[in-house]
Amino acid sequence: NSFGWQPALVILVLAARNSQNILRQFLMALSFAAAMTALIFPFLPAKAPFEFYGITQDIYPELIATGTRDFLPLMDAVKNGARVISPETFTGVVAFPSFHAACALLFAWALWNVPYLRWPVALLNIAMIASTPVIGNHYLVDVFAGLVILPAITMSQKTGVDPDAGKTVKERQSTETPNSSNAP
């Protein structure tokens, strides 16, 4: 499951390359994507496809990821008005939008300017997006909604904020004007 180790890879690689602006944008986008999925989900709760269509481990044991049904009692309680969500119970609950899809796009975007990782990371995350409906127990609309979150986040971050976004510290320092000691 690459979803578990990719955030650490992105952070380590960007930190090692001194790509502070991209790292900052990555962390902000990751936080914003998590917040958006957590805020949108309560208004659009849905049973996942495996449950809705009655797909069980007896029918397709190789397609059922471990723990994909663990959230169903919680989902039923939420749909019936119970206030039972806490940090301890908020695992595997979000269906719409897909946080996995949003993160797959985010991981590929964050490492796109790293030549030796560009294509391996892009292909890995294309595979993650493609497998999200089956392995992640999502509807296609969940995946599409997850993919829309990231462009909205990155476009809002880039509107006139930093002309040097994406440059390493060394690249930015080479274009900076030295401070003048003749200050008024």
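Further up the page is the structure itself.
Everything quoted here is computed from the prediction, not taken from an experiment.

Here we look at the overall build of the protein
Looking only at helices and strands, the protein features eight helices and zero strands. Starting at the N terminus and ending at the C terminus, the protein contains elements arranged as α-α-α-α-α-α-α-α. Here the protein holds 184 residues, and the buried ones make up 35% of them. Counting every atom, the protein has about 11,000 Å² of accessible surface; 64% of that belongs to carbon and sulfur.

Side note on the side chain of Asn-125
You can see Asn-125 is positioned in helix α6 (residues 115–135). Under the relative-accessibility criterion, Asn-125 is labelled buried at 1%. The contacts of Asn-125, once residues within four sequence positions are left out, are Gln-6, Ala-104, Phe-107 and Ala-108.

With respect to α6
For α6, with 21 residues, the first-to-last C-alpha span of 29 Å sits near the 30 Å given by 1.5 Å per residue. In the structure, α6 departs most strongly from a straight axis at Ile-129, where the bend amounts to approximately 30 degrees and where the proline Pro-133 lies between one and four residues downstream. What α6 keeps buried is the set Leu-117, Val-121, Ala-122, Asn-125, Met-128, Ile-129, Thr-132 and Pro-133.

Topic: the packing of aromatic side chains
Counted according to the given criterion, the structure contains two aromatic pairs. For the ring pair Phe-26 and Phe-107, a centre distance of 6.2 Å and an interplane angle of 45 degrees mean the geometry is tilted. Here the residue Phe-26 occupies a position in helix α2 (residues 20–40), and Phe-107 occupies one in helix α5 (residues 99–110), the gap between them amounting to 81 residues. Like Phe-26, the residue Phe-107 is buried in the burial classification. Look at Trp-112 and Trp-119: their rings are 5.0 Å apart centre to centre, the planes differ by 75 degrees, and that puts the pair in the edge-to-face class.

The rules behind these values
- Residues numbered from 1 in each chain as written.
- Predicted model: local features only at pLDDT ≥ 70, side-chain atom pairs only at ≥ 80, totals over all residues.
- Heavy atoms only, no water.
- Helix = DSSP H or I, 4+ residues; strand = E, 2+ residues; numbered from the N terminus.
- Buried < 20%, exposed > 50% of the residue type's maximum accessible area, 1.4 Å probe, protein only.
- Areas by Shrake-Rupley, 256 points an atom, 1.4 Å probe, with all protein chains shown as cover.
- Contact = heavy atoms within 4.5 Å.
- Expected span 1.5 Å × (residues − 1).
- Bend = angle between axes of the 7 residues up to and from the residue.
- Phe/Tyr/Trp six-rings, centres within 6.5 Å; stacked < 30°, edge-to-face > 60°.

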